[in-house]
Amino acid sequence: MRLIRCCIFLNFIFLNVSVSSKEKQTHPFIIHAGFAQYKSENPVTKGHIPPTKFSDLRIDIGYKLCRFDFGLYYGIGTKEMYKFENGYHHGVGRNAQSYGFNVNFHFAEYLLNDKLTKFFDIYAASKLGGYYAYGKDNTGAGPLVDYYPSGNLFICYAGLGINSMLFKYVGLFCEYGYEICPAYSYNNQWVLRFGLSFRF
């Protein structure tokens, strides 16, 4: 609950500071288009069976003011859903769409000199949003069941990322963080994202 409250607090604080800032930006729009990989592990088999890896394609669009950027994201892919029932943990893969809004705090200027900040951007990421999970088991590992978590599931996320601007408007990004699903804590997971970064 502390992480959830912290994410909500940071999102609103970052948003208010960003909106109130009047600093002119050279390239205020930031777009991340990339691939996300989720490391999903059954609590019962943890340490005995390698975690299952699921993935999705996602795009983030943000507007930067001062050291903050805020925007929206949307993705499509798969996600493993766990459910605790009758003393057992069950897990199935579901198709899922991800959506929500994000606020990032850019702090490379505090760590790097002016020459390096032209090519590297380090940021703290936070997201509030959800998944719309649908369909039956698509892993082929179990029976086709439809009572696992489905519909809209609220999530919050916190992580760190880096942009490497190879060209004036195009570069690469990599982000790593932890995602929490309050309604189904067994679905909490680490997330690795990477792809192309655009500025204009």
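This structure is a prediction, so every number in the text was calculated from the model and none was measured. (Residues numbered from 1 in each chain as written. Predicted model: local features only at pLDDT ≥ 70, side-chain atom pairs only at ≥ 80, totals over all residues. Heavy atoms only, no water.)

Novice: Help me out: how do you make sense of the overall build of the protein in this one?
Specialist: Of the regular secondary structure elements, the protein holds two helices and eight strands. Counting from the amino terminus, helix and strand elements in the protein follow one another as α-β-β-β-β-α-β-β-β-β. In the protein, which comprises 200 residues, the proportion classed as buried is 42%. At a minimum sequence separation of 6, the contacts of the protein that also span at least 24 residues come to 64%. For the protein, the exposed surface amounts to about 11,000 Å²; the carbon and sulfur share of it is 64%. (Helix = DSSP H or I, 4+ residues; strand = E, 2+ residues; numbered from the N terminus. Buried < 20%, exposed > 50% of the residue type's maximum accessible area, 1.4 Å probe, protein only. Contact = heavy atoms within 4.5 Å. Areas by Shrake-Rupley, 256 points an atom, 1.4 Å probe, with all protein chains shown as cover.)

Novice: Looking at this structure, I do not really get the side chain of S197. What am I missing?
Specialist: Mapped onto the fold, S197 is located in strand β8 (residues 189-199). At a separation of 3.3 Å, a polar atom in the side chain of S197 contacts the side chain of N163. Ignoring sequence-local partners within four residues, the contact set of S197 consists of I31, H32, N163, M165, Y169, V170, G171, L172 and F173. (Polar contact = N/O pair within 3.5 Å; in protein donor to acceptor, adjacent residues only side chain to side chain.)

Novice: What exactly am I supposed to notice about the pairing of strand β6 (residues 151-164) here?
Specialist: Along a regular strand, successive side chains alternate from one face of the sheet to the other. Where strand β5 (residues 120-134) and β6 come together, 14 bridges link them in antiparallel fashion. Bridge pairing links I122 to I162 in β6. Across nine bridges, the pairing between β6 and strand β7 (residues 170-180) is antiparallel. Note that in β7 the partner of G161 across the bridge is E175. In sequence, β6 turns back onto β7 through a hairpin of five residues. (Pairing = 2+ DSSP bridges.)

Novice: Would you explain the packing of aromatic side chains in this entry?
Specialist: Two numbers describe a pair of aromatic rings. These are the distance of the centres and the angle of the planes. Tallied over the entire structure, the rule returns seven aromatic pairs. Taking 5.1 Å as the distance between ring centres and 35° as the angle between the ring planes, the aromatic pair formed by F68 and F105 counts as tilted. Note that F68 is positioned in strand β3 (residues 68-85) and F105 in strand β4 (residues 88-106), a separation of 37 residues in sequence. For F105, a relative accessible area of 22% gives the class partly exposed. The structure contains a cluster of three or more aromatic residues connected by ring pairs, namely F29, Y63 and F200. Taking the ring centre of Y73 as reference, the NZ or CZ of K127 above it sits at 5.2 Å. (Phe/Tyr/Trp six-rings, centres within 6.5 Å; stacked < 30°, edge-to-face > 60°. Lys NZ or Arg CZ within 6 Å of the ring centre and 35° of its normal.)

Novice: Can you help me understand the pattern of salt bridges in this one?
Specialist: Two side chains of opposite charge can pair, provided their charged atoms sit close to one another. Applying the stated criterion to the full structure yields six salt bridges. Measuring nitrogen to oxygen at the nearest pair gives 3.8 Å for the salt bridge that ties E175 to R193. Of this pair, E175 sits in strand β7 while R193 sits in strand β8, and the two are 18 residues apart along the sequence. One salt-bridge network, in which partners are shared between bridges, spans D60, K127, E175 and R193. (Salt bridge = Lys/Arg side-chain N within 4 Å of Asp/Glu carboxyl O.)

Novice: Hey, could you run me through the state of the cysteines in this one?
Specialist: What makes a disulfide is a covalent bond joining the sulfur atoms belonging to two cysteines. Applying the stated criterion across every chain, the model contains zero disulfides. Here C181 is not cross-linked by a disulfide; its sulfur's nearest cysteine counterpart is in C156, at 9.1 Å. (Disulfide = S-S within 2.5 Å.)

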